[in-house]
Amino acid sequence: MQQTPTMEARGDHYPFAEIEPRWQKRWDDAQLFVARDDSPKPKFFALDFFPYPSGAGLSVGHCRNYIPTDAACRYMAMKGYNILHPMGWDAFGQPAENEAIKRGRHPREMVEQYASTYRRQMKMIGISYDWTREINSSHPSYYKWTQWFFLYLFKRGLAYRANAPTNWCPSCKTGLANEEVKEGKCWRCSTPIEKRPMPQWFFKITEYADRLIDDLNTVNWPDGIKRMQREWIGRSPGAEVDFQVYGRDEKIRIFTTRPDTLYGATFMVLAPEHPLVNEITTPDHEHAVKAYREAAARTSEMDRMNAERRKTGVFTGAHSVNPMNQELIPIWVADYVLMGYGTGAIMCVPAHDQRDFEFARQFDLPIRLVYKPFDGTTEATMTQALPHEGIEVINSGPFNGMAAGPEVIPAYIRYLEEHHLGTEKINFRLRDWLISRQRYWGAPIPIIHCPKDGEVAVPEDQLPVELPDVERYEPSGTGESPLANIASYVNVPCPKCGGPARRETDTMGGFACSSWYFLRFADPHNNVEAFLKPKVDYWLPVDLYVGGAEHAVMHLLYARFWTKAMYDGRLINFHEPFQTLRNQGMLLNLTPGRAPEKGENTDVEDESVIDWIQLKPEERDAYPEEKKIYRWVKMSKSYGNVVTPDEMVEQFGADVLRVYELFVAPFEEAIQWSTQGMAGASRWVDRIWRLFRDFTPQYDLNWRDQIGVATDETSMKIRRKLHQTLRKLGEDLAHFRFNVGIAAMMELTNEVYAGKAHAHPAVMSEVLETMALMLGPITPHMADELWERLGKKGFLYQETWPTFDPEVAADPTIEVPVQVNGKLRDRLSVPSDVADAALEALALGSEKVKAALEGRAPKKVIVVKGRLVNIVG
Ligand code: ANZ
């Protein structure tokens, strides 16, 4: 008895397991993705955010970043660009070190092992990285240059050491930058931050605050990220004004964004930490003020900034003189004024500032309006502060009667400056970047402390300052780095005077390494300098930068600052590192959890998920199904809901995973993971595979000679769809609209399937050849295989993206006659598939038809689909 061949044997399915590793090896052997520094082609530098390789390996969520960038690179290669698409490891810093501590391993070997897993997985999904340029930021050959840049900033006065109250994470046992404190908690371990005064190294990012805001206008970035950077930098234009303390010599300087409200200042508030508090407090108020200051010291900054909190404060007994009207106003101390912003002292205008209003009501302080309200509100009837808008200025001496509006504030600033009462001032929220960490796993700060010469730079020929190899590297918790315990590391001669000196023992936070790594990719093996300038001139800036939105005000701000500092020293000739930035949407997975018990904290990172406690993977089986609550949450190790590319590639293949991730949603939007969706992608890939299986034997290399005679309706239809899809797909790939591009490819597949039995053979040859090229960026393994089976040589990556023929792509037009009351009045030239409604609108818009109707409204319009419009008027 004859056996039916299995689906496999018939070749019904794309045999990914055999094909994909084979092509990956061939790409590798041919060094296909190795970037050339000496190409005459225009360059395209595409970069994925510098990953820290974590122990769990890549999830299909991470692939959401890498696959789209890869499709874009492969497309740009076919469009004739010289591509740089590198990868490396952000190996230093808290994430890697914390994990190493947890596992009781040395971070060095751990990072190397994890990186090799990432590398294997990235190759497995067909990413076209140039691995010859791989970098590892924890390697001395790399951090030598991180240290070199530190000294570059130090020599330019942009790195300095200062004793400042720093953000201290008691769990990670290190100081943190402001950007690493999220809602008062450590970005790595969510432990509440404490303030500790200690000497720390800072980078003077504040010197670049204006440029960091202004130059956002020159880059193509998502609006949300630009907005977050602007808000983080927080530029506030206003004025500083001096208030004389009554009966004393001291003046109190305040910062205000609203000098136009000076006449409405009816009291002042100093931050509890303000240095003048002790000086001016009168003896009868000393006790209360002291107690209040002590209580404030125990209150977190987060709480102090919370606008909802009931206002508290104490009177100092002192008064100051309002410089505009010489009125005496009381000086209070209150914790809603922060010492770290402006001057730590404010004038209070309860009529127009909500916090001041609440404070005035709380302590029965006077309120005075300086804008006439629209609705007759008075100081007595007010229930909240009135913002800027009002009819005109009142209660303000020479300013009375000025119409409320934008010209008011400059008038006050002019007055202040003319009378030497104050000056224009722009304040920033941004603070200098705290870079030192009391941790082992980072680039050592290349400074030597000499009792005679002070802070001395390690001479360049002694770089790198190598991280000593130690058994125990856990943070000491004393506020000193573990390196401080290594006598041979610490005790060194001063490079200047040769006398005994101490090496700096803090290391740099990991964000220093990622502030310049994109430059290193242009010249990764240089051990004479950080990079050869002509190479950076050629490759940089990065044309396309792809990664998650969580770095909006950390890495992306720091890297911009370093770039500008290097630009100022003429090390590079551009001042924005990343031209186009794209943030991928998150990948969510349906995850079992339960309702929280009374008083239990949900503690889920994602704010949209409240009242839900994730079930640990080990609890899941035992927990009753009917009590489980399923939620879509970010795919991550901490939720135990990770799907790995390994599982998916084993079951469906890399090309199917690529199609699924590109197709399932717009790039920027969140994806809800679905393994059924993978099956859908797989069906499409198989359909293409079978199409080629059936038609490749008839493929004719010389189809162009025959194509002119393929004028039958089916052939024309298929060709039209083919060229239309080609036109669309090119634009879609260039603009990261992969989902609609692939949807168009799917429609094309349907059209080809519908007509393939009747189409002219030359058309089917054209379809195969063109589709293989179009699939190059999307399903690169299958596409190269199909291409080869068509008898072609080489790789699609090196082929030219096909051009569409606009004539073939054009929709055919037909002529539709228009009659008015039975008489032919016009002929409309319209696409053959025109909709009835569109045809009716066109007919009624025709000048000839309007003339025939002589201004009458049509009584009836009859459209005979695609053939005739009949108007009764
Ligand atoms: C008088 C006034 C009247 C104010 C008014 C506002 C509205 P931004 O935009 O954040 O820069 N301020 C100044 N220093 C402060 C500090 N250290 N702690 C708390 N508040 C402080 O806000 C600046 C405004 O916040 C300043 O302008 C000051 O109040 C207050 F109708 O002065 B304003």
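Report on the accompanying structure. (Residues numbered from 1 in each chain as written. Predicted model: local features only at pLDDT ≥ 70, side-chain atom pairs only at ≥ 80, totals over all residues. Heavy atoms only, no water.)

Scanning the protein from N- to C-terminus turns up 30 helices and 33 strands. When the backbone C-alpha atoms are referred to their principal axes, the protein occupies close to 105 × 90 × 65 Å. Within the span of the protein, comprising 873 residues, buried residues form 54% of the whole. Here the analysis covers contacts within the protein between residues at least 6 apart in sequence; of these, 72% occur between residues at least 24 apart. (Helix = DSSP H or I, 4+ residues; strand = E, 2+ residues; numbered from the N terminus. Buried < 20%, exposed > 50% of the residue type's maximum accessible area, 1.4 Å probe, protein only. Contact = heavy atoms within 4.5 Å.)

Enumeration over the complete set of coordinates arrives at 53 aromatic pairs. An angle of 20 degrees between the planes, with centres 5.6 Å apart, marks the rings of Phe-267 and Phe-359 as stacked. Taken together, the residues span a long stretch of sequence, with Phe-267 in strand β12 (residues 267–270) and Phe-359 in helix α12 (residues 354–363) at a distance of 92 residues. Phe-359 sits in the buried class, given a relative accessible area of 0%. (Phe/Tyr/Trp six-rings, centres within 6.5 Å; stacked < 30°, edge-to-face > 60°.)

The next thing to look at is a nonpolar patch on the surface. A cluster of nonpolar residues, Ile-862, Val-864 and Val-872, forms a patch on the protein surface that exposes about 190 Å² of accessible area. Among the secondary structure elements, Val-864 is positioned in strand β32 (residues 860–864). Overall, Val-864 belongs to the partly exposed group, its relative accessible area being 36%. (Patch = residues over 30% accessible without salt bridge, like charges linked within 9 Å, V, L, I, M, F, W, Y side chains within 5 Å. Areas by Shrake-Rupley, 256 points an atom, 1.4 Å probe, with all protein chains shown as cover. Salt bridge = Lys/Arg side-chain N within 4 Å of Asp/Glu carboxyl O.)

What follows is about unusual backbone geometry. Between Leu-463 and Pro-464 the backbone carries a cis peptide bond, its omega angle lying at 0 degrees. Its place among the elements puts Pro-464 in the loop between β20 (454–457) and α14 (487–490). That bond from Leu-540 to Pro-541 is cis: its omega, -5 degrees, falls within 30 degrees of zero. Topologically, Pro-541 is positioned in the loop between α17 (533–539) and β24 (542–547). If you check the backbone angles, Glu-183 has positive phi at about 50 degrees while not being a glycine. With a phi close to 60 degrees, Arg-570 is a non-glycine residue in the positive phi region. With respect to the helices, strands and loops of the structure, Arg-570 is situated in the loop between α18 (555–568) and β25 (578–583).

Moving on, we come to the sheet that holds strand β17 (residues 433–434). Adjacent strands of a sheet form backbone hydrogen bonds with each other and so pair up, either parallel or antiparallel. The strand order across the open sheet formed by four strands is β6-β5-β9-β17, and the pairing between neighbours is antiparallel. Strands with a single pairing partner mark the edges of an open sheet, and in this sheet they are β6 (174–176) and β17. In this fold helix α6 (residues 140–155) packs onto β5 (159–169) and β9 (194–203), with an angle of close to 90 degrees to the strand it touches most, β9. (Pairing = 2+ DSSP bridges. Axes fitted to C-alpha atoms, helices over the stretch in contact; angles between N-to-C directions.)

Time to look at the sheet that holds strand β21 (residues 491–493). Pairing in this open sheet of four strands is antiparallel, and the strands run β20-β19-β22-β21 from one edge to the other. Whereas interior strands pair on both sides, the edge strands pair on one side only; in this sheet they are β20 and β21. Pairs of neighbouring strands in the sheet enclose a mean axial angle of 40 degrees, with direction left out of account. Sheet analysis places strand β19 (residues 447–450) next to strand β22 (residues 500–503), joined by two bridges and oriented antiparallel. Across the sheet, the residue bridging to Ile-448 is Arg-503, located in β22. Each of β19 and β20 touches α6; the most contacted strand, β20, lies at about 130 degrees to it.

On to the packing of helix α25 (residues 738–755) against helix α26 (residues 761–775). Remark: α25 packs on α26, axes separated minimally by 12 Å, with the N-to-C direction vectors making an angle of 160 degrees. Here α26 runs roughly antiparallel to α25, going by the angle between their axes. Relative to α26, the crossing made by α25 is left-handed. Counting all contacts with α25, which are made through Met-745, Leu-748, Thr-749 and Val-752, the residues of α26 involved are Met-764, Val-767, Met-771, Met-774 and Leu-775. By residue class, the composition of the contact of α25 with α26 is eight nonpolar, one polar and no charged. (Parallel < 35°, antiparallel > 145°, perpendicular 65-115°, else oblique. Left-handed = near helix turned anticlockwise from the far one by under 90°. Nonpolar A, V, L, I, M, F, W, Y, C, P; charged D, E, K, R; others polar.)

It is worth spelling out the site of the ligand at this point. If you check the shell around the ligand, you find 16 residues, and the closest are Ser-236, Thr-256, Leu-338, Tyr-341 and His-352. The separation between an oxygen atom of the ligand and a polar side-chain atom of Thr-256 is 2.7 Å. At 3.4 Å from an oxygen atom of the ligand is found a side-chain nitrogen or oxygen belonging to Arg-355. Summarising the interface, the protein chains cover 83% of the accessible area of the ligand, which totals 650 Å² for the free molecule. The residue makeup of the shell around the ligand, split by class, is eight nonpolar, five polar and three charged. (Near = heavy atom within 4 Å. Polar contact = N/O pair within 3.5 Å; in protein donor to acceptor, adjacent residues only side chain to side chain.)

Time to look at the packing of α6 against α18. The N-to-C vectors of α6 and α18 enclose an angle of 65 degrees; their axes lie 11 Å apart at closest approach. By the angle between their axes, α6 is roughly perpendicular relative to α18. For the pair α6 and α18, the crossing hand works out as left-handed. The segment α6 lies against α18, with Thr-146, Phe-149, Tyr-152 and Leu-153 engaging Trp-562, Ala-565, Met-566 and Asp-568. Of the residues contributing to the contact of α6 with α18, the split by class is six nonpolar, one polar and one charged.

Burial of helix α27 (residues 780–789) is extensive: eight of the 10 residues sit out of reach of the surface. When we look at burial in α27, the residues that qualify are Pro-780, His-781, Met-782, Ala-783, Asp-784, Glu-785, Leu-786 and Trp-787. Contact partners of the buried residues in α27: α2 (16–29), α3 (60–78), α21 (654–663), α22 (675–695) and α26. Note on α27: the residue one or two positions beyond its end, Gly-791, has a positive phi of about 95 degrees.

Attention shifts here to the side chain of Lys-792. Here Lys-792 lies in the loop between α27 and α28 (806–809). Since its relative accessible area comes to 15%, Lys-792 is described here as buried. A distance of 2.9 Å separates a polar atom in the side chain of Lys-792 from a polar atom in the side chain of Tyr-699. Excluding its chain neighbours within four sequence positions, the residues that come into contact with Lys-792 are Tyr-699, Leu-701, Glu-769 and Trp-787.

For the rest of this paragraph, the subject is the pattern of salt bridges. This structure, assessed with the given rule, holds 55 salt bridges. Put simply, Asp-335 and Arg-309 hold a salt bridge, and the shortest N to O gap is 2.9 Å. With Asp-335 in the loop between β14 (328–333) and β15 (345–348) and Arg-309 in the loop between α11 (301–305) and β13 (314–321), this residue pair connects regions lying 26 residues apart in the sequence. Owing to a relative accessible area of 5%, Asp-335 belongs among the buried residues under this scheme. In this structure, Glu-358 and Lys-311 form a salt bridge, with 3.0 Å as the shortest nitrogen-oxygen distance. One end of the pair, Glu-358, is in helix α12; the other, Lys-311, is in the loop between α11 and β13, with 47 residues separating them in the sequence. Residue classification places Lys-311 among the buried residues on the basis of a relative accessible area of 6%. Connected through salt bridges with shared partners, the residues Asp-37, Asp-130, Arg-133, Asp-523 and Lys-535 form a single ionic network.

Before going further, it helps to spend a moment on the environment of Asp-523. Topologically, Asp-523 is positioned in the loop between α16 (517–520) and α17. Remark: the alpha-carbon pair of Asp-523 and Val-849, spanning 326 residues in sequence, is separated by 70 Å. There is a polar contact of 3.4 Å between the side chain of Asp-523 and the side chain of Lys-535.

A word on the layout of surface pockets. In this structure, the second largest pocket occupies an estimated 370 Å³ of space. Among the residues forming the lining of the second largest pocket, the class breakdown is 10 nonpolar, six polar and four charged. (1 Å grid on protein atoms, 1.4 Å probe; cavity = no way out; pocket = protein on both sides within 12 Å on 5 of 7 lines; lining within 4 Å. Points joined across faces, edges and corners; volume = space filled by probe spheres on them.)

In terms of burial, strand β26 (residues 587–594) is largely enclosed, as seven of its eight residues are buried. Both β26 and strand β29 (residues 671–672) contribute to a ladder of two bridges, which runs parallel. By the bridge assignment for β29, Leu-587 is matched with Ile-671. Taken together, the six bridges between β26 and strand β28 (residues 629–634) define a ladder with antiparallel strand orientation. Opposite Gly-593, over in β28, you have Ile-629 as the bridge partner. Strand direction decides the pairing type here: β26 and strand β27 (residues 613–614), joined by two bridges, are antiparallel. Paired with Gly-593 across the bridge in β27 is Gln-614.

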